[in-house]
Structures are given as C-alpha cells and as structure tokens.
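# Fold and contact review
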Amino acid sequence: MRYALYFTPPASDPLTLAAQRWLGRNAFTGSALDQPAAAGFDAASLAGLTADPRRYGFHATLKAPFTLAEGRSEAELVAELGRFVSEADPFDIPEVVVGRLGSFFALVPGDHCDELQSLAGEVVRRFERFRAPLTSADIARRKPDELNAAERQNLVQWGYPYVFDEFRFHMTLTGRVPAERREAVASVLLDHFAEFHGRPLPVSGLALFREAARGADFTVHSLFPLGGAVSRKTA
C-alpha cells in the first residue's frame, strides 16, 4: 500500500465535478464515470488520453506516493496530518489556467504564488519521516538519466524530483499528447474548463490519497481542511 499527500478540492466542488467527468472517475468513491463528448475525439481516444491521470484521480502532488517507513502506521500519519492542517491557513491561488507542461496538459497557476510554494515545501519536509526509502526499481522508474542535477538530488533525498525550487503545481488533465494533437486537445480543455480558466483557485485543504496495491487506482482516504478540524472521508 502507498499513500500520497495531494491537493484536491472538496467532493462537491464544481471544479472537482468537472474534472472527474473529464477524467472518467470519481476519486472519492472510486466509481467510473461517463466522459463528456469532445469534438474531434471518439470515446476510445478520450479514454486513452486521460488514462494516466484517471488512475491517480484529480489532484496536485504535494508529497508524492510513498510506502510507510518501517515502524510508522496509517493512524500516526492521519494524526500528524490533523496537526499540520491546524497550523496552516487557507489561501487562494490568484489565477489558474489550462496550460501545457511538456507534452501533457494541466491546470497550472497563472503566476508564481509564494503561499503555494511555501505550503508544498512544508508538506515535503514535515512528512518525510513517514516515507520509506525508494527501492532501486523505484528510482529507475523515474529515469534519473533524464533529470537535471537538482532533480536527481531531490529524487535521492526526498523521493521525488520536483520539490522545493523544482516544484511546479499542476493538476494533471491528460497523459502525453502528440505534437500534432495538442492544438485540438487545448481547444477541448479550454471549452470544458472555461468556468475555471483564468479564475482564482481556493486552497482550503490537504488530501490523503491511498493506493491499495501497486498499480491500483488511487482513492481519497481523508480530507483535512486547512485551519480547521479534520473532515474524514474513508474510501
């Protein structure tokens, strides 16, 4: 079993509802959903385009998936999350947009957000003691030869290449998109997420996701509102 610390809006949030329809799965319940009609894409093409993010559920990574360290328990992790969120205040990302990172699309901040970078860094540090070291196979899956020096160091030290200065908040919406299809994908995404593109995004909580077995779908275990009492959702 692996755990991950993600940001995702609440289950009933309009962005959550739009994103889970796009991806074809509700990460809160684990149920499959019919995906929307998308101009220029048949059902099979859209399903393939969203296969990777569908498994993980709609989210932004703060602490990448990890196996619990020896001697640590899920109950301890949940308790520490409760303490952490009681010390952190909610905030807004001033603007998120449909953007492209390399060959995939995601919702990303329109500009740098200090509060967001600070939260992400604190999550990485605070929960490091719960993370078991990566195996050699885990490291190989990250293709370290394709990472820059800082990313490789982060992978070894923190279990994930994209932390601290290398962190880029993104809520993934597609897998890799061939260059010749990117314009069409961008158009479909801008249409589907028009209500949220160019708008603020409240960061009001931290989510614990769980992968029951390696390769299984991730589901929401619990939501922890920032600055408030724990609101638990067990999947």
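As shown above, the structure is provided for reference.
Residues numbered from 1 in each chain as written. Predicted model: local features only at pLDDT ≥ 70, side-chain atom pairs only at ≥ 80, totals over all residues. Heavy atoms only, no water.

### Things to note about the overall build of the chain
Short version of the rule: Elements are defined by DSSP. Helices are runs of H or I of four residues or more, strands are runs of E of two residues or more, and each kind is numbered from the N terminus. Burial classes follow relative accessibility: with a 1.4 Å probe on protein chains only, a residue under 20% of its type's maximum area counts as buried, one over 50% as exposed, and anything between as partly exposed. Residue contacts follow a heavy-atom distance rule, with two residues in contact if any of their heavy atoms lie within 4.5 Å. In this tally, Lys and Arg are treated as positive and Asp and Glu as negative; His is ignored, and so are the chain termini. Each charge is placed at NZ for Lys, CZ for Arg, CG for Asp and CD for Glu.
Regarding its fold elements, the chain presents eight helices and eight strands. Summarising its shape, the C-alpha atoms of the chain cover approximately 50 × 40 × 35 Å along the three principal directions. Relative to its 235 residues, the chain shows a buried fraction of 49%. A sequence separation of at least 24 residues applies to 70% of the contacts in the chain between residues at least 6 apart. Taking the average place of the 26 positive charges on the side chains of the chain and the average place of its 29 negative ones, the gap between the two points comes to 5 Å.

### Description of the pattern of salt bridges
Formally: Here, a salt bridge means any side-chain nitrogen of Lys or Arg that lies within 4 Å of a carboxyl oxygen of Asp or Glu.
Here the structure, examined in full by the defined rule, presents 13 salt bridges. Residues Arg 25 and Asp 217 are paired through a salt bridge, measuring 3.8 Å at the closest nitrogen-oxygen approach. Note that Arg 25 is positioned in the loop between helix 1 (14-23) and helix 2 (43-49) and Asp 217 in the loop between strand 7 (205-211) and strand 8 (218-225), a separation of 192 residues in sequence. On the basis of relative accessible area, Arg 25 is assigned to the buried category, the value being 6%. The exposure class of Asp 217 is partly exposed, given its relative accessible area of 38%. Here the salt bridges share partners, and the residues they tie into one network are Glu 80, Arg 83, Glu 87, Arg 126 and Arg 129.

### Focus on the nonpolar core
Selection criterion: For our purposes a nonpolar core is just a set of buried Ala, Val, Leu, Ile, Met, Phe, Trp, Tyr and Cys residues, chained together by side-chain atoms within 4.5 Å.
Of all hydrophobic cores here, the largest spans 53 residues; its most connected members are Trp 22, Leu 77, Phe 169 and Phe 193. The residues touching Trp 22, leaving out its near neighbours within four places in the chain, are Gln 35, Pro 36, Leu 46, Leu 49, Thr 50, Leu 173, Thr 174, Val 188, Leu 189, His 192 and Phe 193. By size, the runner-up hydrophobic cluster in this structure holds nine residues, among which are Ala 27, Phe 209, Phe 218 and Val 220.

In short, shape yes, function no, at least from these values alone.
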